Amino acid sequence: MQRLDLKQLLSQKLSPQQIQFIKLLQIPTAELETRIKEEMEVNPALEEDEPDEPEELDRDDDSDDSDDPDASLDNDENTLDEDFDDRRDAPEMADEMPEPDLAPKDDSPADDAPDNTDLDLSDYLNDDEIAGYKMQGDGPGEEEERDTPLADTSGSLLDSLLDQLHFADLDERQEAIGQQLIGSIDGDGYIRRDLSAIANDLAFSQNLEVTVPEIEAVLRVVQGFDPPGIAARDLPECLLLQLERRPQDENTVNAERILTETFDEFTKKHYPRIQQKLDLEDEELKEAINVILKLNPKPGGSGPSGLGKTQYLMPDFILTNDNGVFNLTLNARNAPELRVSPAYTEMFRTYDKAAKKDQKMKEAVTFVKQKLDSAKWFIDAIRQRQNTLLRTMNAIVELQRDFFAEGDEGKLKPMILKDIAQRIGMDISTVSRVANSKSVQTEFGIYPLKYFFSEGIATDSGEDASSREVKSILKDLIGKESKKRPLSDDKLEKMLNARGYNIARRTVAKYREQLNIPVARLRKEL
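The model shown is predicted, which means the values in this text are computed figures rather than measured ones. (Residues numbered from 1 in each chain as written. Predicted model: local features only at pLDDT ≥ 70, side-chain atom pairs only at ≥ 80, totals over all residues. Heavy atoms only, no water.)

Caption draft 1: Expanded view of the overall build of the protein chain. When its secondary structure is counted, the protein chain shows 20 helices and 8 strands. Within the protein chain, the proportion of its 526 residues that are buried is 41%. Look at the contacts in the protein chain between residues 6 or more apart in sequence, and 69% of them connect residues 24 or more apart. Accessible area of the protein chain: about 30,400 Å², with a carbon and sulfur share of 46%. (Helix = DSSP H or I, 4+ residues; strand = E, 2+ residues; numbered from the N terminus. Buried < 20%, exposed > 50% of the residue type's maximum accessible area, 1.4 Å probe, protein only. Contact = heavy atoms within 4.5 Å. Areas by Shrake-Rupley, 256 points an atom, 1.4 Å probe, with all protein chains shown as cover.)

Dropping the structure here:
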């Protein structure tokens, strides 16, 4: 049995402009240039402002038809097919850009055709220039050019290995195997795939039937390439490959025995068991372990020639301290000035002058108007992004003024997203989008904004201390401990409690793990 129900729902949806602003807000400065270029490619009404380009003088609208080059276009039905190369000043964009009205004007004369209604072009025909999104607070270009690191342009490790393969004394079959092996190396420099799977890849992709012993023979050749330890199948093999290139003295031989015979005990730092199995004295064991600790466990990621590209942190804000006065600027290096193309204003002027406004012309003008609105919304979203970034960062500077003045981590105050959201009158999600992907350059280095947010820890004095401060003290305690008898989490808890920090052992363990510090047993040294 069919039923007809009537439901009343109340829902809230984001407008396309709000969605665009949210997406732009979470983009860091390093990616903003790419996003702007993508928008300019899909929207011809958006273009980069060129202040050095000479501007033509505005024509007098009251001049005679003989003086107006557009006068001959008034009676042309194909007005929009003309090439509008004349560059004029673009219209000025207001802070709020309402949707242009497409309804017919009350005082407009009726055309012969019943559907020939005029478009409201008043918002597009002003002679003032549209303001770009560059605003006060943008940083100077020279300083940003000097302080912002440049991308690395050196060759990759993959190219280096292929070059070494070409110089190896291999036949065509072996070289094909070597190329497949090099292509199987991961970012750390290891080959973690089974050699049988690599043999299957050669059979399917290159129609080359090879055996596992053949692959192993070529693998030994590749493992002789630089950097040492490359193309290993596990960590012990990687370290042993590096030891093979060292002078074969007593310390190197003992290090090889430790890796081949007592690797599990070595990873767990059970040194007495190693000494018992290998019959080594304390000094011999210490020297052998020092040799192992100098080896590189990840040869693929060493140096700028690694498989992965070197990534540089580009700050979104630049904070300077001028005798106690903080000056905050936005890094606008990757954000060129934008404007709405003046050529589209000419299109609207020509349409406004045209005597005949057929349906084809109106459809074309409507399309152009949509692109023009999209360009205005994009520029407005960029402006809102800058305002939000500056407001958020200014609030952070006000709350963490002591830290920015001295650079002492102990001066950080407890601060959460809600504190900033209440101060600037925005939602917590907005502050989170700003903090998760932005960084600030200070006199003491570049810090991600997430660094300044921390929870509070109760103290005996009644005031809350920042978790950053507690982590800093915890790091100092572990750094000053005796490596022969490292401090356990229980001892660290008692030492922090003695300093007035009311903290539990599980919290000490959590902070220690966040600092990437191993447990006491693994911190033990000879």
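Caption draft 2: Region of interest: the nonpolar core. Formed by 47 residues in total, the largest nonpolar core has its most connected members in M393, I396, F404, L449 and F452. For this core, the element with the most residues is helix α14 (residues 359-399), which contributes 13 residues. Leaving out residues up to four positions away in the same chain, L449 has contacts with F317, M393, I396, V434, A435, K438, S439 and V440. A176, I182, I191 and L208 belong to the second largest nonpolar core, which has 24 residues in total. (Core = buried A, V, L, I, M, F, W, Y, C linked by side-chain atoms within 4.5 Å.)

Caption draft 3: Quick look at the side chain of D316. Here D316 lies in the loop between α12 (282-293) and β2 (317-322). Those residues in contact with D316 that sit more than four places away from it in its chain are P28, T29, T329, L330, N331, R385, S437, K438 and S439.

Caption draft 4: Region of the structure containing a negative patch on the surface. Taken together, the side chains of D279, E281, D282, E283 and E287 make up a negatively charged region of the molecular surface. Summarising the element assignment, D279 is placed in the loop between α11 (271-278) and α12. D279 sits in the exposed class, given a relative accessible area of 65%. (Patch = residues over 30% accessible without salt bridge, like charges linked within 9 Å, V, L, I, M, F, W, Y side chains within 5 Å. Salt bridge = Lys/Arg side-chain N within 4 Å of Asp/Glu carboxyl O. Lys, Arg positive; Asp, Glu negative; His and termini not counted. Charge placed at Lys NZ, Arg CZ, Asp CG, Glu CD.)

Caption draft 5: View of the packing of aromatic side chains. Counting across every chain of the model gives 8 aromatic pairs. On the basis of an interplanar angle of 70° and a centroid distance of 5.6 Å, the ring pair of F403 and F404 is categorised as edge-to-face. The same class applies to F403 as to F404, namely buried. Ring centres 5.6 Å apart and planes at 85° place the aromatic pair Y451 and F452 in the edge-to-face group. One exposure class covers both Y451 and F452, and it is buried. Aromatic ring contacts, followed pair by pair, group F403, F404, Y447, Y451 and F452 into a single cluster. (Phe/Tyr/Trp six-rings, centres within 6.5 Å; stacked < 30°, edge-to-face > 60°.)

Caption draft 6: The pairing of strand β5 (residues 439-442), seen in detail. Residues S439 and Q441 line one face of β5 and the alternating positions V440 and T442 line the opposite face, and both faces are buried. Bridge count for β2 against β5 is 2 bridges, and the pairing is parallel. Bridge pairing in β5 places I318 opposite Q441. Between β5 and strand β6 (residues 445-448), which pair antiparallel in sequence order, lie 2 residues. (Pairing = 2+ DSSP bridges.)

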